[in-house]
Amino acid sequence: MPKEKYFKYIFAAVLLCVFAIMLVFNFVTPLLDDDFAYAFSFSDFERIESIKSIFPSMNAHRSLANGRVVSHFLVQLFMMRPKAVFNAVNAAFSVCILLVMFLFYRSKSAKKNLFILLFSIFALWCYTPDFGQVYLWLDGSCNYSWAVLFTLLFVLPYYLFAEGRYGDKRTVFGILIIPLSLIAGAYSESASLAAIFIAVCFTVKGKIGGEKLEPLLIVGIILAGAGYMYMMSSPAETGEKGVFVISEVFYNLLYVCMSLKFYQITLYCIYIFALVMSLGSHADKSRIITSLIFFVGGLGSILAFSFAKYCPARALCAVTAYTVIASSILIEGLLDRLDRRFMCAALAVLAVIFFGEFTLGTYDIFINKNIAAVRNELIFEAQLSEEKRAEIPKYNSLSKYSAMTGLEDVGDYFGFWVNVAMEKYYDLDYIAAIPTEY
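Residues numbered from 1 in each chain as written. Predicted model: local features only at pLDDT ≥ 70, side-chain atom pairs only at ≥ 80, totals over all residues. Heavy atoms only, no water.

**Description of the confidence of the model for the protein**
Applicable threshold: pLDDT is defined as a per-residue confidence score from the predictor, taking values between 0 and 100. Put simply, DSSP marks the helices as runs of H or I at least four residues long and the strands as runs of E at least two long, and each gets a number from the N terminus on.
Across the protein, the average pLDDT comes to 86, with 93% of residues at 70 or higher. Confidence scores differ between elements of the protein, with helix α12 (residues 235-241) showing the lowest mean pLDDT of 61 and helix α5 (residues 83-102) the highest of 95.

Set out below in structure tokens:
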């Protein structure tokens, strides 16, 4: 068997393993936090039972919660179905994210492709803040990891235009660019802002490189901008910000920067190393510019949080994904320039870190499986009883890999908002927490 074909089979096997692992992790992760609330309409607080009822709910959502109606439309859509449906789709989307990222740094060498794929997997697992909330939690996945997927799909035609390869895909993107632009622009405060910036940069890069400007791509940027304005101009978004103070903006920006330092300093060191080595080895200028566009676009997305009152760490997942792409573009070019033994040793070090984190994460994800089973049994018994009362144990979590980490769980007292949402979801009169036995 030719070596290239051998590496292609390994590449496919790795993706299959990612799908299988993420599928298991999704099935082990129960409904959490906001999931229960999104089973009901924001307009009349009745259970969502049809797609038609989601539209007035999202209209009310713009006034009551935030302007991310595209992602939350999907949340309510999945809450109408058994969670197994979401589990399968979310696992498949995890693989799709890797494949779309791969399109930005694909090499003609199957061996290089495998190397960069492994680097991307290791980096995303190790350096994505609140990994469980981003990739396993139903509400979180629809809002954050899927934001990465849709915004990267939007950026793809602009990247191909800048690389002089848009012509072959003109028909396909001619059909998809309008819906992709509207969805990607209105999807996420941070990821959408980064995607629009990156699309503009690639359009300019392509034009400077001698490409004939594509009117449809300009329309796409305009539509994405309109979608972003629609999201950010919602009453909930503007009401949350109100009259801002310059000192508060700087404080928010400082807070986000400190969060990036805490979660991603190692990833940034990897990128800076790859950038310096690329400049020192006289790498292709176009490759370096493309990498910088992704890197600066990712960093620039944090500006969306400068005016926000609330910035959870999970919202920084797009910064992670864009930085991984920026690093991968440079590393792919360095594989022929640097000693391959050095590059393999560097990947091996990252692999050791990954497997340590993976072991901890897997244990943390599975540790609550038994607690979830006990909770479901107690809730089922309460549903059959006349009192309709349930006292259930709280979840435990040790790391960022469990979706429970950082989320609100059932409270110790009657009336806590998670308790109220769960009571309505399970049709009970009372739910409260009992201490977890260790």
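After that view of the structure, there is still more to cover.
**Concerning helix α14 (residues 285-300)**
Operational definition: For a helix, the expected span equals 1.5 Å multiplied by the residue count minus one. The rule is simple: take the accessible area with a 1.4 Å probe, protein chains only, and divide by the maximum for that residue type; under 20% is buried, over 50% is exposed, in between is partly exposed.
Between the first and last C-alpha of α14 there are 22 Å, a value that for 16 residues agrees with the 22 Å anticipated at 1.5 Å per step. Looking only at α14, the buried set comprises Ile 288, Thr 290, Ser 291, Ile 293, Phe 294, Phe 295, Gly 297 and Gly 298.

**Concerning the pattern of salt bridges**
To keep it simple, the criterion reads: A pairing counts as a salt bridge when a side-chain nitrogen of Lys or Arg comes within 4 Å of a carboxyl oxygen of Asp or Glu.
Under the criterion given, the structure shown has 6 salt bridges. In this structure, Lys 112 and Glu 332 form a salt bridge, with 3.6 Å as the shortest nitrogen-oxygen distance. Separated by 220 residues along the polypeptide, Lys 112 in helix α6 (residues 110-127) and Glu 332 in helix α15 (residues 317-334) bring together distant segments of the chain. By relative accessible area, which is 7% here, Glu 332 ends up buried. Across the salt bridge formed by Asp 412 and Lys 394, the nearest N and O atoms sit 3.7 Å from each other. One end of the pair, Asp 412, is in the loop between β1 (389-393) and α18 (417-426); the other, Lys 394, is in the loop between β1 and α18, and 18 residues separate them in sequence. On the basis of relative accessibility, which here comes to 56%, the residue Asp 412 falls in the exposed class. One continuous salt-bridge network, built from bridges that share partners, spans Lys 112, Arg 287 and Glu 332.

**Things to note about the state of the cysteines**
Selection rule: Criterion for a disulfide: a pair of cysteine sulfur atoms at a distance within 2.5 Å.
Inspection of every chain in the model, using the stated rule, returns 0 disulfides. Cys 142 carries a free sulfur, and the closest cysteine sulfur to it, the one in Cys 317, is 13 Å from it. No disulfide involves Cys 269; its nearest neighbouring cysteine sulfur is the one of Cys 126, lying 14 Å away. Cys 269 gets classed as partly exposed once you look at its relative accessible area, which sits at 47%.

**Remarks on the nonpolar core**
Put simply, the rule reads: Only buried Ala, Val, Leu, Ile, Met, Phe, Trp, Tyr and Cys residues count toward a nonpolar core, and they belong to the same one when joined by side-chain atoms within 4.5 Å. Contact definition: two residues touch when any of their heavy atoms are within 4.5 Å.
Ranked by size, the top nonpolar core spans 141 residues in total, and within it Phe 104, Leu 152, Phe 202, Phe 294 and Met 422 carry the most contacts. The element that contributes the greatest number of residues to this core is helix α8 (residues 138-162), accounting for 17 residues. The residues contacting Leu 152, other than those within four sequence positions of it, are Val 100, Met 101, Phe 104, Phe 294, Tyr 322 and Ile 325. Core analysis: the next-biggest nonpolar cluster, separate from the first, contains 6 residues, Ile 48, Met 58, Val 69 and Phe 73 among them.

**Digging into the packing of aromatic side chains**
Let me state the cut-off plainly: Stacked, tilted and edge-to-face are the three classes applied to pairs of Phe, Tyr and Trp rings, where Trp contributes its six-membered ring and a pair requires centres within 6.5 Å; stacked means planes under 30 degrees apart, edge-to-face means over 60, and tilted covers the rest. Comment: the charge-over-ring label is applied if NZ (Lys) or CZ (Arg) is within 6 Å of the ring centre and within 35 degrees of the ring normal.
Inspection of every chain in the model, using the stated rule, returns 36 aromatic pairs. Residues Phe 131 and Tyr 401 carry aromatic rings whose centres are separated by 5.9 Å and whose planes lie at 55 degrees to one another, so their mutual orientation is tilted. Placement of the pair is Phe 131 in helix α7 (residues 131-135) and Tyr 401 in the loop between β1 and α18, with a sequence separation of 270 residues. The same class applies to Phe 131 as to Tyr 401, namely buried. Here the basic side chain of Arg 389 rests over the ring of Tyr 430, its NZ or CZ set 4.0 Å away from the ring centre.

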